[in-house]
Amino acid sequence: MPRYKAHGRAFAHITEFHPALTALRRELHAHPELGFEEHFTAARVVESLKVCGVDEVHTGLGKTGVVAVIHGRQRSSGRMLGLRADMDALPMSEQNDFAWRSTRAGLMHGCGHDGHVAMLIGAARYLAETRHFDGTAVLIFQPGEEGFAGAKAMIEDGLFERFPVQSIYAMHNWPQMRPGTVGINPGPMMASADRITIDITGKGGHGAHPYATVDPVLVAAHIITAVQSIVSRNVRAIDSAVISLCAMQAGDPGAFSVIPGTARLVGTVRTFSAEVQAMVEKRLHEVCSGVALGLGATAHLSYERIYPATINTRAEARFATEVAQKLVGHDHVDRQMDPSMGAEDFAFMLQVKPGAYLRLGQGGEGGCFLHNSRYDFNDEVLPLGAALHAGLVEQGLPLPEAA
């Protein structure tokens, strides 16, 4: 039994098949797959949904995405509510030694998407068995969240034309929060993620005669320092932005006396507002070009917008907060949770439909964070996450009083 407190018939019902959800989660953990390659995962999802008794199962949306449809006891409201879970793993090697560790070299469920899938399957089983709602629940199992924009691919494949939900919700496990807790806020939850590439062209030559060169490594060093002034001097203190230059390529490590002719910097920009994002992009172009010009070189910035910011709509965030409070209690819901500068492609869905993104506590002191080679999803919270999904449906699509 879970060591946290939760309330309601959905949680009690789902706890009865907690062992089955745990077994499924661990099976998925042992068979990780990258974005748009989730063939085993999608097949197990389809199989599980059919066992659950859902009304419809649709495959192939956004390449490997799966959508399940569950009709309520009544459909007089004509409303549809969407729930989303991501399915893909990461290209990293696992260092755990438990029985369900990854069986695929260089691949790992290091972000808990295996747990997200299992929780949504748990909600599917409960909703199909009880159908205590008026309307239609649409359960979306999305591929390619980890940098592949799988949410965008599903949308472009007609997701919301085929399943016109009025609102949509998703959640992500959060190791820094205790089991039995939920976090949310009525605005930004995750930042936008942009990729920047700075190509610097100088003039190569002998390291003993630098006066005859235009050293791109020196130019890169000045750019690395200068771009940090953008956040400290151009972004308002009440706004947020991050610029991180995370990789540099220049020359040959074996040629210790050769100044190369070119250098490349690669990094990321994270912001919450479109205005700050546009300003940072503009200033990066100006700073990189100006610094390079001042040192006799040229610099070309490529700025690629990968994921938009994940911003909850106020009414749906308030509703999701109420659902969470009924489940775990008022004191165990952080209603003004600090947003993360990480990114999430559920943002694409929130650009099309109103909805909210929640965080589900699953860790606490001593646990490692996401994308760590020793990470593992905490199976203890599977019933809680499934019940939270189910509560969003039952309270979002309530049966009439007499039903």
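Residues numbered from 1 in each chain as written. Predicted model: local features only at pLDDT ≥ 70, side-chain atom pairs only at ≥ 80, totals over all residues. Heavy atoms only, no water.

Help me understand the overall build of the protein in this model?
Broken down by element type, the protein carries twelve helices and 16 strands. A compact globule built from 403 residues would reach a C-alpha radius of gyration of about 22 Å, and the protein, at 24 Å, matches this within 12%. Split into buried and exposed, the 403 residues of the protein put 56% on the buried side. Relative to all contacts within the protein whose residues are 6 or more apart in sequence, the contacts with residues 24 or more apart total 82%. Working note: accessible area of the protein is about 17100 Å², and carbon and sulfur atoms make up 52% of it. (Helix = DSSP H or I, 4+ residues; strand = E, 2+ residues; numbered from the N terminus. Rg over C-alpha atoms; globule rule 2.2 N^0.38 Å. Buried < 20%, exposed > 50% of the residue type's maximum accessible area, 1.4 Å probe, protein only. Contact = heavy atoms within 4.5 Å. Areas by Shrake-Rupley, 256 points an atom, 1.4 Å probe, with all protein chains shown as cover.)

Would you mind showing me how to read the layout of surface pockets here?
Any empty space left between atoms is shown by rolling a water-sized probe over those atoms. Quantified by volume, the largest pocket comes out at close to 660 Å³. Taken together, 26 residues form the lining of the largest pocket, with Glu146, Arg270, Gly342, Ala343 and His371 sitting closest to its centre. Of all the elements in the fold, those that place two or more residues in the lining of the largest pocket are strand S5 (167-174), strand S8 (193-201), strand S12 (262-271) and strand S13 (298-307). No other element matches S12, which puts four residues into the lining of the largest pocket. (1 Å grid on protein atoms, 1.4 Å probe; cavity = no way out; pocket = protein on both sides within 12 Å on 5 of 7 lines; lining within 4 Å. Points joined across faces, edges and corners; volume = space filled by probe spheres on them.)

Looking at this structure, how should I read the sheet that holds strand S15 (residues 333-334)?
The strands making up a sheet associate through backbone hydrogen bonding, with each pair oriented either parallel or antiparallel. Judged by pairing direction, the sheet is mixed, and its eight strands sit side by side in the order S1-S2-S4-S3-S5-S16-S6-S15 without closing on themselves. The open sheet has two free edges, formed respectively by strand S1 (56-61) and S15, since each of these has just one partner strand. Where strand S6 (residues 182-183) and S15 come together, two bridges link them in parallel fashion. Within S15, the position partnered with Val182 by the bridge is Val333. Taken strand by strand, helix H3 (residues 39-52) contacts S1, strand S2 (65-71) and strand S4 (136-142), and its axis lies near 10° from that of S2. (Pairing = 2+ DSSP bridges. Axes fitted to C-alpha atoms, helices over the stretch in contact; angles between N-to-C directions.)

Even after reading the chapter, I still don't get a nonpolar patch on the surface, so can you show me in this structure?
Where nonpolar side chains cluster on the molecular surface, the patch consists of Val217, Ile224 and Met248 and spans about 210 Å² of accessible area. Within the secondary structure, Ile224 sits in helix H7 (residues 216-226). Residue Ile224 is classed as partly exposed on the basis of its relative accessible area, which comes to 34%. (Patch = residues over 30% accessible without salt bridge, like charges linked within 9 Å, V, L, I, M, F, W, Y side chains within 5 Å. Salt bridge = Lys/Arg side-chain N within 4 Å of Asp/Glu carboxyl O.)

When you look at the sheet that holds S13 in this model, what are you seeing that I'm missing?
The sheet built from four strands is open, its strands ordered S10-S12-S8-S13 with antiparallel pairing. Every interior strand has two partners, whereas the edge strands, strand S10 (241-250) and S13, have only one. Sheet twist, expressed as the mean angle between neighbouring strand axes with direction ignored, is 20°. Each of S8, S10, S12 and S13 touches helix H9 (residues 274-294); the most contacted strand, S13, lies at about 160° to it.

Just to check I follow, could you spell out the state of the cysteines for this structure?
Note on terminology: a disulfide is the covalent bond linking the sulfur atoms of two cysteines. Enumeration over the complete set of coordinates arrives at zero disulfides. Considering cysteine sulfurs only, Cys368 is the nearest to Cys111, which forms no disulfide, with 11 Å between them. No disulfide involves Cys246; its sulfur sits 14 Å from that of Cys288, the nearest cysteine. (Disulfide = S-S within 2.5 Å.)

What should I look at first to understand the pattern of salt bridges in this one?
Any two side chains of opposite charge can pair if their charged atoms end up close together. Evaluation of the coordinates by the stated rule reveals 20 salt bridges. Taking the shortest distance from any N to any O, the salt bridge between Asp379 and Arg25 comes out at 2.7 Å. Of this pair, Asp379 sits in the loop between strand S16 (355-361) and helix H12 (382-396) while Arg25 is found in helix H2 (residues 18-30), placing the two residues 354 residues apart along the sequence. Taking the relative accessible area as the measure of exposure, Arg25 reaches 0% and is therefore buried. Here Asp379 ties to Arg26 by a salt bridge, and the two come within 2.8 Å at their closest N and O atoms.

What's the story with the nonpolar core in this structure? I'm lost.
One broad rule of soluble globular proteins: the nonpolar side chains tend to lie buried together. One finds Leu49, Ile70, Ile121, Leu139 and Phe141 to be the most contacted residues of the largest nonpolar core, which totals 71 residues. Element by element, the count of residues in this core is highest for helix H4 (residues 113-130), at ten residues. Among residues more than four places away in sequence, those in contact with Ile70 are Val54, Asp55, Ala124, Leu127, Ala128, Arg131, Phe133, Gly135, Thr136, Ala137 and Leu139. By size, the runner-up hydrophobic cluster in this structure holds 27 residues, among which are Ile198, Val276, Val280 and Leu284. (Core = buried A, V, L, I, M, F, W, Y, C linked by side-chain atoms within 4.5 Å.)

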